[in-house]
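The chain contents come next:
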Amino acid sequence: MKAEDKKIIYTLLKTADAYECGYTREKFAGEPVFANDTELSFPGSTRESRQNRDVEMSGSSPNMTQGLSLDELNAKILRCTRCGLARTRNNVVPGMGVEHPDVLVIGEGPGHDEDMQGLPFVGKAGVLLDRMLAAIGLDRKSNCYIANIVKCRPPENRNPMPDEQAACFSFLEAQIHILKPKMILCMGKIAIEKITGQNISINAQHGEFFEYNGIPVMPTYHPSALLRNEELKRPAWEDLKKFKRRLDAIKAN
Ligand code: SF4
């Protein structure tokens, strides 16, 4: 708390006490000296550490990952307390899959089941995602890696806040740098907007190709959206077929 806030509270208490008692009591006779508290918070949340972190992390994934294996990077992610989601998570969910995948699948953030197990896309939406991937010959055990924009569960499955996405994004950048996927499939609006830095309408732009550092990126509907609305399954399937054609072409070259 800042010194001036403490002084305001002190003055209010003093006034209330004097009003109740009809006089100023001894304990309020002298004016104490107020000082600013040291900033209480998570590592990385003070201005100085934020600046240090930004220097270390922002846009510097190659440097950050220099010499780091995927396991070492993910071990770093597991220890992270950089944003407020660290306070409410049960487990960090760095990602899952093979180290040199054809495809990186990016979701928004862990849900309840993922948070409990520490693994991405393991609930109902995860089962559907696995089926969608299998339909175009993809599998997290053999040729995919699955990660999220934020690695810790937002409470009540709310969307991750912009500051949480910003705090976590350098981890995903670093993962992409290590994984070097041939293509990226973004599940839903938040993933594609963060990857491209653009405002995207998922209804209007699903199935379009974008690019991230030279890697083709396609957004499609998040499996949770497909579970809520069956009618989206047909356009999602068309997206996946288009995605596979492009992947096949890349692999053929
Ligand atoms: Fe760290 Fe990302 Fe978890 Fe926030 S969401 S605590 S930045 S790993």
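Numbering of residues begins from 1 in every chain and follows the order in which that chain's sequence is written. Totals for whole chains, interfaces and linings use all residues, but because this is a predicted model, local features are given only for residues with pLDDT of at least 70 and pairs of side-chain atoms are given and counted only at 80 or more. Where side-chain values are given, they derive from all heavy atoms of the structure, hydrogens and water being excluded.

Numbering of helices and strands runs from the N terminus; a helix is a DSSP stretch of H or I covering at least four residues, while a strand is a stretch of E covering at least two. If you tally the helices and strands in the chain, you get eleven helices and six strands. Three exposure classes are used, based on accessible area relative to the maximum for each residue type with a 1.4 Å probe and protein chains only: buried under 20%, partly exposed in between, and exposed over 50%. Classification of the 253 residues of the chain by burial places 45% in the buried group.

This part takes up the packing of helix 4 (residues 70-78) against helix 7 (residues 162-179). Angles shown run from 0 to 180 degrees and are taken between the N-to-C directions of axes, each axis being a line fitted to C-alpha atoms and, for helices, limited to the stretch in contact. Closest axis-to-axis distance for the helix 4/helix 7 pair is 10 Å, and the angle between their directions is 170°. With respect to helix 7, the axis of helix 4 lies roughly antiparallel. Only Phe171, Ala174, Gln175, Ile178 and Leu179 of helix 7 make contact with helix 4, whose side of the interface consists of Leu70, Leu73, Asn74 and Ile77. Under the convention adopted here, Pro, Cys and the residues Ala, Val, Leu, Ile, Met, Phe, Trp and Tyr are nonpolar, Asp, Glu, Lys and Arg are charged, and Gly plus all remaining residues are polar. The residue inventory of the contact of helix 4 with helix 7, partitioned by class, reads seven nonpolar, two polar and no charged. Here the angle decides the label: under 35 degrees means roughly parallel, over 145 means roughly antiparallel, 65 to 115 means roughly perpendicular, and every other value means oblique. The contact criterion used throughout is that any non-hydrogen atoms of two residues lie within 4.5 Å.

In these notes, residues near a molecule or strand are those with any non-hydrogen atom within 4 Å of it. For the ligand, the full set of nearby residues is Cys80, Arg82, Cys83, Leu85, Ala86, Arg89, Lys151, Cys152, Ala167 and Cys168. Of the grid points, spaced at 1 Å and generated over the protein atoms alone, those admitting a 1.4 Å probe that cannot get out make up cavities, while open sets with protein on both sides within 12 Å along at least five of seven lines make up pockets; any residue with an atom within 4 Å of a point is treated as lining. Put plainly, a molecule is in a cavity or pocket when over half of its atoms are within 2 Å of the grid points there. Placement of the ligand is best described as lying within the largest cavity. For the shell around the ligand, the per-class residue count stands at seven nonpolar, no polar and three charged.

Attention now moves to the pattern of salt bridges. Should a side-chain nitrogen of Lys or Arg be within 4 Å of a carboxyl oxygen of Asp or Glu, the pair is scored as a salt bridge. Enumeration over the complete set of coordinates arrives at nine salt bridges. Residue lysine 182 pairs with aspartate 102 through a salt bridge whose shortest N-O separation is 3.1 Å. Of this pair, lysine 182 sits in the loop between helix 7 and strand 4 (183-187) while aspartate 102 sits in the loop between strand 1 (96-97) and strand 2 (103-107), and the two are 80 residues apart along the sequence. Note that glutamate 238 and arginine 234 form a salt bridge whose closest N and O atoms lie 3.3 Å from each other. In this pair, glutamate 238 and arginine 234 both sit in helix 11 (residues 233-252), four residues apart, roughly one turn of the helix. Arginine 234 sits in the exposed class, given a relative accessible area of 54%. One continuous salt-bridge network, built from bridges that share partners, spans Asp102, Lys182 and Lys251.

As a further point, take empty space enclosed by the protein. Summary: where empty space remains is shown by rolling a probe the size of a single water molecule over the atoms. Grid points are joined across faces, edges and corners, and a volume is the space filled by probe spheres set on the points. Under the criterion given, the structure shown has one cavity of 30 Å³ or more. By volume, the largest cavity amounts to about 100 Å³. Residue lining of the largest cavity: 16 residues in total, with Cys80, Cys83, Cys152, Cys168 and Phe171 positioned closest to the centre. Ranked by the residues each element gives to the lining of the largest cavity, the list is headed by helix 7, at four residues. Within the lining of the largest cavity, the residues separate by chemical class into eleven nonpolar, one polar and four charged.

The next point concerns helix 11. The α-helix winds at 3.6 residues per turn, so residues separated by three or four positions along the chain end up facing the same way. Here, expected helix span is obtained from the residue count minus one, scaled by 1.5 Å. Under the 1.5 Å per step criterion, the end-to-end length of helix 11 is 28 Å for 20 residues, consistent within 8% with the ideal 28 Å. Buried within helix 11 are the following residues: Ala236, Asp239, Leu240, Phe243 and Leu247. Buried residues of helix 11, viewed axially, fall in a sector of 100°; they line one side. Facing away from the buried side of helix 11 by over 90 degrees, the exposed positions are Arg234, Arg245 and Ala252. Picture the helix axis, draw a direction to every C-beta atom, and the arc is the one those directions span.

What follows deals with the pairing of strand 6 (residues 215-220). Within strand 6, six of the six residues are buried, which leaves it mostly tucked inside the rest of the structure. On strand 6, burial covers both faces: Ile215, Val217 and Pro219 on one face and Pro216, Met218 and Thr220 on the other are all buried. In terms of strand pairing, strand 4 meets strand 6 through four bridges, oriented parallel. Bridged to leucine 185 within strand 6 is methionine 218. Whether two strands pair comes down to DSSP finding at least two bridges between them. Connecting strand 5 (residues 210-212) to the antiparallel partner strand 6 that follows it, the hairpin turn spans two residues, and asparagine 213 within it adopts a positive phi of roughly 45°.

Taken by themselves, the reported measurements are silent on function.
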